[in-house]
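# A structural walkthrough
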Amino acid sequence: MKTFFGGVALVLGIVVAGCNTTSTPTLPSPSRTPLAFRAEKLAEIDRIAGSHVAAGELPGGVIWLEHHGSSHPFTFGNRTVEPAREAMTVDTLFDAASLTKVIATTPSILRLVESGRLDLDDPVARHLPAFAAHGKVGITVRHLLTHTSGLRPGLPAGGDWSGPAAALALACAETPTQPPGTRFVYSDINFIVLGELVRARSGRPLDEFARAEVFRPLGMLDTGYLPLANGFPVGRIAPTERQSNGACLRGIVHDPTARRMGGVAGHAGLFTTAADLARYGRMLLHQGELDGHRILRRETVAAMTSLQTGAGIPARGLGWDIDSPYAGPRGRHFGAGSYGHTGWTGTSLWIDPPSDTFIILLSNRNHPTEAGDVRTLRRELGTLAAEALADVEWPPLIGGLFPSATGEQGGRTDDTVGAGAAGPVDAGVLQGIDVWERDGFPGLRGLRVGLVTNHTGRDRGRRATIDLLKAAPGVELVALFSPEHGIRGVQDEKVGDSRDEATGLPVYSLYGERHAPSAEQLTGLDVLVFDIQDIGCRFYTYISTLGNCLEAAGMAHKRFIVLDRVNPVNGIEVEGPVLTAAHSFVAWHEIPVRHGMTTGELAGLFNAERHLGADLTVIRCEGWHRADWFDATQLPWTNPSPNMRSLNAATLYPGVGLLEYCAVSVGRGTGTPFELIGAPYIDDRRFAGELNAAELPGVRFIPTRFTPTASVFQGKECGGVQMVITDRTTLRATDLGVVLAATLQRLYPNDLKLEKMATLLGDPPTLEAIRTGRPLSEIRTVRDRLLPEFLRRRQRHLLY
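Residues numbered from 1 in each chain as written. Predicted model: local features only at pLDDT ≥ 70, side-chain atom pairs only at ≥ 80, totals over all residues. Heavy atoms only, no water.

### Things to note about the sheet that holds strand β26 (residues 699-706)
Taken in spatial order, the 3 strands make up an open sheet running β25-β27-β26, and their pairing is antiparallel. In the strand order of this sheet, the two ends are held by β25 (676-679) and β26, each with one partner. Geometrically, the sheet is characterised by an average inter-axis angle of 25° between neighbouring strands, direction not taken into account. Alignment of β26 against strand β27 (residues 718-725), held across 8 bridges, turns out to be antiparallel. Bridge assignment links Phe 706 to a residue of β27, and that residue is Cys 718. The sheet strands contacting helix α17 (residues 684-693) are β25, β26 and β27, and the helix crosses β26 at an angle near 170°. (Pairing = 2+ DSSP bridges. Helix = DSSP H or I, 4+ residues; strand = E, 2+ residues; numbered from the N terminus. Axes fitted to C-alpha atoms, helices over the stretch in contact; angles between N-to-C directions. Contact = heavy atoms within 4.5 Å.)

Here it is in structure tokens:
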């Protein structure tokens, strides 16, 4: 039967195919009720889908929600809008785009692994000898599956070529942009090669192998390549983009590279229906088996859907996304243990084994043009899918309030964004203060408030949090607490207590005689609020102030509220070393130099791991995703401290800042702090030449001379280099810091005070590796040895 909500059809009455008992999410722990879905949430899914159609973001689509074998398909909008409108139907065939990678190519490769014809750690060149050219001999099958091969995102668009052999030849001619296993770069080339590897090891083209080994055994009879050639009626197929001849592609793959390959490729070309894709998702939830047909071994499914990437690299399984910039379809609840994938045409599948659930979106968002966009819809569907489960209770998401330690995650949601790039974002990213102000400062009425803040505590309209709370009805702001650089962020020395001229409130310094509020200062307060912009680096002291205040609040049994703020250098990249030295004000907790967390997330981690016992609430940001840099947020920049004057400076700081105490100038007292480094004893041209010879990705060095007007070498001419960021997505700031230190130690061992790097580096083995002149690859191994464990600790505290 069909029922209608807001004019969009919801197809109901689906058979319950047996209820498997699986483990439930650890965070949060759900409770069980007899019902499968909450009707009000199904109605909200229906309404949301219709609203995105009305906004012109897609013509229509099919949504399939399944939980414990009970399924609800939704159809909404139209299959075509030109030359004539056709209503969407549940049996529509869609161009799956990059879902091809995980529906056809990945299981085909793993079938070959199970049969002994491949090994995940085989060099690709063992089976495709031409692939060894141009430095690719070390790339393995696993590197291709996890997008860590170092290959570019796609083949060149130009040239007169066609067919799979020509595509493979182009792939074999590629030169990696970085060593395999070191960076995540989402690449179609990886899966083009994997598709041809299936042909080489099985003797059959990918479409025939996948049909025989995966689709037919699963009963996916509407799934395959080249639908028109295989007899599917064109009227069932959703068209995509209008071409130069005025006709829309229909039954012909949209991806231009797959089209040039003849329509069959490892990265794109598959067509499928929601019902077939549901059978595939069901097989994965059943650990590789469906209706008595075992497609993959249990251990293969476990490996495929578990973490396969190393420290500092976005979390990927074999083919599948776990937590990368494209993980937006998970929404705000599905967390550890979930995985999925997206496709350019507007497709996605997200699977959450802990709750025995998956959510499918099939759409043709690029019909009739590329103007469509389903990224927001995917995120909303992921969230609502979780909330629709009648037997699972998740923490509430009310007005941006989100309890700490929720395990909620998110990220960029589409293949449209290159690895590490910010890409377009939803307009109007809101910081925690913006959300709190919009919602009327919930939970503060009648309370006496202490505010830990400085000049960065302001809303999108540049209004100070101090003023907003002072004017808030029913809120009694009684005291201010200031971090390093003071309440106005202009002091570069120890700061004393004072009184705020505008409000008359006392300002207690946390960067003078004390680094935390005293028990006496907290006596007259009910709640302590923290609102300061961090820059994502361990030795930037605002997060130490956060930790000290959190600890003080726990000891005094005071509520503690963090108004969260975006991480300006993104929340994906993590760089070691993890702190192993003693705690200090520049080394408050065992986190890496670049932690990839927001202040709210750090508060949750600190509270849990230091057992502080604080009554913590985090007011979440809205509209920010982990892959976003600050310049993608449309938020106004405020210098977080006197010398942190740009996003470039914040990007370089985790590396350049490591040498602050080593008898070099890092540009303080110049117009571009942290973008310069030098000293009177340095030959600038020789230094620049040595650094450029190291060929660090993402940065170049220009010889320069400068005279600082303050700080180290004040008034003395320094030789050095200006650092120019050429690609911030490939730049690793701590690699930069290591190479700067190692080069200076080699050239000027009697002048550089390398031992003083220990204070900010915080890891003696890494410092020893630099001192003894070990190669960068060996230093990385030492430096990053504790990152995998940190990433596991970090995971449960991520809020976005």
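### Here we look at helix α5 (residues 188-202)
The terminal C-alpha atoms of α5, which comprises 15 residues, lie 21 Å apart, in line with the 21 Å expected from a rise of 1.5 Å per residue. For α5, the tally of buried residues reaches 12 of 15 residues, placing the bulk of the element in the interior. Among the residues making up α5, those that are buried are Asp 188, Ile 189, Asn 190, Phe 191, Ile 192, Val 193, Leu 194, Gly 195, Glu 196, Leu 197, Val 198 and Ser 202. In this fold, the buried residues of α5 make contact with α2 (100-114), α3 (141-145), α4 (164-172), α6 (206-218) and α7 (256-260). Residue Ser 187 occupies the N-cap position of α5, its side-chain oxygen lying 3.1 Å from the main-chain nitrogen of Ile 189. Positive phi appears at Gly 203, one or two residues downstream of α5, with a value of about 80°. (Expected span 1.5 Å × (residues − 1). Buried < 20%, exposed > 50% of the residue type's maximum accessible area, 1.4 Å probe, protein only. Polar contact = N/O pair within 3.5 Å; in protein donor to acceptor, adjacent residues only side chain to side chain.)

### Quick notes on unusual backbone geometry
Here the residue pair Glu 82 and Pro 83 is connected by a cis peptide bond, since its omega of 5° sits within 30 degrees of zero. As for its position among the elements, Pro 83 is in the loop between β4 (70-80) and β5 (86-87). In this model, Gly 576 is joined to Pro 577 through a cis peptide bond whose omega is 5°. The topology assignment puts Pro 577 in strand β22 (residues 575-578). Here the phi dihedral of Gln 287 falls at roughly 60°; this positive angle occurs in a residue that is not glycine. Within the secondary structure, Gln 287 is located in the loop between α8 (274-285) and β8 (289-290).

### Topic: the packing of helix α14 (residues 542-556) against helix α15 (residues 599-609)
At a minimum axis separation of 10 Å, α14 and α15 run at an interaxial angle of 45°. Relative to α15, α14 is oriented oblique. Note on packing geometry: the crossing formed by α14 with α15 is right-handed. Here Ile 543, Leu 546, Gly 547 and Leu 550 of α14 come into contact with α15, specifically with Thr 599, Leu 602, Ala 603, Phe 606 and Asn 607. (Parallel < 35°, antiparallel > 145°, perpendicular 65-115°, else oblique. Left-handed = near helix turned anticlockwise from the far one by under 90°.)

### Concerning the confidence of the model for the protein
Model confidence for the protein is summarised by a mean pLDDT of 89, while 90% of its residues fall at 70 or above. This model gives residues 1-34 a pLDDT under 50, and the stretch forms 75 contacts once residues within four places in sequence are excluded. Confidence drops under a pLDDT of 50 for residues 397-427, and excluding neighbours within four residues, the segment shows 138 contacts in the predicted structure. (pLDDT = per-residue confidence, 0-100.)

### Some remarks on the pattern of salt bridges
The final tally for this structure, using the stated rule, is 47 salt bridges. Across the salt bridge formed by Arg 79 and Glu 86, the nearest N and O atoms sit 3.5 Å from each other. Taking the relative accessible area as the measure of exposure, Arg 79 reaches 9% and is therefore buried. On the basis of relative accessible area, Glu 86 is assigned to the partly exposed category, the value being 25%. Note that Glu 609 and Arg 793 form a salt bridge whose closest N and O atoms lie 2.7 Å from each other. Placement of Glu 609 in helix α15 and of Arg 793 in helix α22 (residues 787-795) is noted, with a sequence separation of 184 residues between them. Shared partners join several salt bridges into a network, and the residues in it are Arg 732, Asp 735, Arg 780, Arg 783 and Asp 784. (Salt bridge = Lys/Arg side-chain N within 4 Å of Asp/Glu carboxyl O.)

### Description of the pairing of strand β12 (residues 339-343)
Of all 5 residues in β12, 5 are buried, a share of seventy percent or more. Neither face of β12 is exposed, since Tyr 339, His 341 and Gly 343 on one face and Gly 340 and Thr 342 on the opposite face are all buried. Looking at chain direction, β12 and strand β13 (residues 347-352) are connected through 5 bridges and run antiparallel. The residue bridging His 341 from the neighbouring strand is Leu 349, located in β13.

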